[in-house]
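Residues per chain, in single letters:
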Amino acid sequence: MEISVIFPPKSRDLRLDLLRGIANWAIFLNHMPNNVVNWITTRNYGFSDGADLFVFISGYTAAFVFGQMMRDHGFVIGATRIWKRVWQLYLAHVMLFVVYVAAVGYVALRFQLDNIIHEFNVAWLVEHPFVTLIYALLLGFKPVNLDVLPLYIVLMALFPFVLWIMLRRPNLTVLGSLLLYVAARQFGWNLPAYPEGTWFFNPFCWQFLFCSGAWFALGGGWKLWPLIASRPFVYFGFGYLAFALIMTLAGRFEGLREFVPEWLYGAFFPNDKTNLAPYRALHFGVIALLVARFLPQDWKGLESPILAPVIKCGQESLRVFCVGVLLSFVGYFLLAAGSGTFLAQLTISVVGIAILCGFAYYGEWSKKVDKLIKRPPPTAQTTKPSAAA
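Residues numbered from 1 in each chain as written. Predicted model: local features only at pLDDT ≥ 70, side-chain atom pairs only at ≥ 80, totals over all residues. Heavy atoms only, no water.

A. Fine view of the overall build of the protein. Per the secondary structure count, the protein includes 16 helices and zero strands. Taking the principal axes of its C-alpha atoms as reference, the protein extends roughly 100 × 55 × 45 Å. Residues counted as buried form 48% of the 389 residues belonging to the protein. Sequence-distant contacts in the protein: of pairs separated by 6 or more residues, those separated by 24 or more amount to 77%. For the protein, the accessible surface area stands at approximately 20,500 Å², while carbon and sulfur atoms represent 69% of it. Charge centroids of the protein, computed over 30 positive and 20 negative side chains, lie 12 Å from each other. (Helix = DSSP H or I, 4+ residues; strand = E, 2+ residues; numbered from the N terminus. Buried < 20%, exposed > 50% of the residue type's maximum accessible area, 1.4 Å probe, protein only. Contact = heavy atoms within 4.5 Å. Areas by Shrake-Rupley, 256 points an atom, 1.4 Å probe, with all protein chains shown as cover. Lys, Arg positive; Asp, Glu negative; His and termini not counted. Charge placed at Lys NZ, Arg CZ, Asp CG, Glu CD.)

Have a look at this one:
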């Protein structure tokens, strides 16, 4: 079968970095409950949030980077490069797991907060350390807020086979992804978690968002452009976003809740994040298509110094994500142990984001230093004697 996809331009799309940076900031802020600053994130104004954005862009980026590699060098080289990335993600998850559990354990022992071990799902590790550690390495045991990377690892581990088919039959592949999504929701398919329950992010459902991102990168965006550019879609898109805004705010404010019929409210709450509810996927899809229409790749604002920090956090996504998860626990503890005033919430949030930016800029600087060190030194120039001499 011949390859039948359209790759995006090889130049870096700063829109992806911007959105990925926004997702990382949102994940950090949203993991700190009782923090008024997280009201700036999209989860308070619609059905989807930073996790949806993170997974979609991850699929887009994976198809863009490894799709061309697999096209030019074949399946084996493309697959092994993807699995190399999976190994990097896995090591990052293991390191984050160790540091995160150590932080939770230290706070619990130092400040006599035994309840925090149960609140962050670490108690089973304390009671059954060896078997729990084994399941943690197998991605079955996950403390609270450590669910996204295991999902990403599983999706990337299987992506070589999906990508090989998508390069040849992109529409058929995304259709198969949609059918798997529907079947998983219909029959309750999910991976088991340890010691009980299932994965918080159901891979059988969230793979649809990941594959949609990959399909969008491999020409799907061009195929949808007539829809994106149409005026009826714009009306529908903003109308649906307004509806999602009203429904989401109704779930948070009792006064507004009284104006929403019970049958309508019950159809959207609780928001099924685990199985990626259809209204949630549609909400994110509408946002993605509207961004594609109204935020062009050559927008001069992407080069603005104001957006530079969030773009840099998107370019150093894995590093920033891991640090953000850890800082969110630190912020949670500081807010719970302190006064929890607005000033404290604002200070902790701003300082946390500043630390994320610091790690992002350090990552970029470190890469430049590594390239400089690996660069061979200039050879000494010798002057040849002239013939006259």
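B. View of the side chain of Ser212. Inspection of the secondary structure assignment puts Ser212 in helix 9 (residues 203–228). You can call Ser212 buried: its relative accessible area is 13%. The contact partners of Ser212, leaving out residues within four places of it in the chain, are Phe56 and Val174.

C. Summary view of unusual backbone geometry. A cis amide bond links Tyr194 to the next residue, Pro195, at an omega of 5 degrees. As for its position among the elements, Pro195 is in the loop between helix 8 (170–187) and helix 9. The linkage connecting Phe269 with the following residue, Pro270, adopts the cis geometry, with an omega of 0 degrees. One non-glycine residue, Asn34, lies in positive phi territory at about 60 degrees. Looking at the element boundaries, Asn34 is found in the loop between helix 1 (14–30) and helix 2 (50–73). Positive phi, normally seen in glycine, also occurs at Asn121, with a value near 60 degrees. Tracing the chain through its elements places Asn121 in the loop between helix 4 (115–119) and helix 5 (123–127). For Asn121, a relative accessible area of 29% corresponds to the partly exposed category.

D. Just the state of the cysteines, in detail. This model, assessed by the stated rule, comprises zero disulfides. Between Cys205, a cysteine without a disulfide, and Cys211, which holds the nearest cysteine sulfur, the sulfur-to-sulfur distance is 12 Å. Cys205 sits in the buried class, given a relative accessible area of 0%. (Disulfide = S-S within 2.5 Å.)

E. Up close: the nonpolar core. Ranked by internal contacts, the top residues of the largest apolar core, which has 96 residues, are Ile116, Met156 and Phe329. Looking at this core, the element that brings in the most residues is helix 3 (residues 75–110), giving 13 residues. Other than its neighbours up to four places away in sequence, Phe329 contacts Tyr100, Ala103, Val104, Val107, Ile116 and Phe120. Judged by nonpolar contacts, the second largest core, of 14 residues, contains Phe28, Val37, Val323 and Ile348. (Core = buried A, V, L, I, M, F, W, Y, C linked by side-chain atoms within 4.5 Å.)

F. Summary view of the environment of Glu119. Within the secondary structure, Glu119 is located in helix 4. Once the C-alpha coordinates of Glu119 and Phe56 are considered, the two residues, 63 residues apart in sequence, prove to be 29 Å apart. Beyond its immediate chain neighbours, meaning those up to four positions away, Glu119 contacts Val144 and Tyr332.

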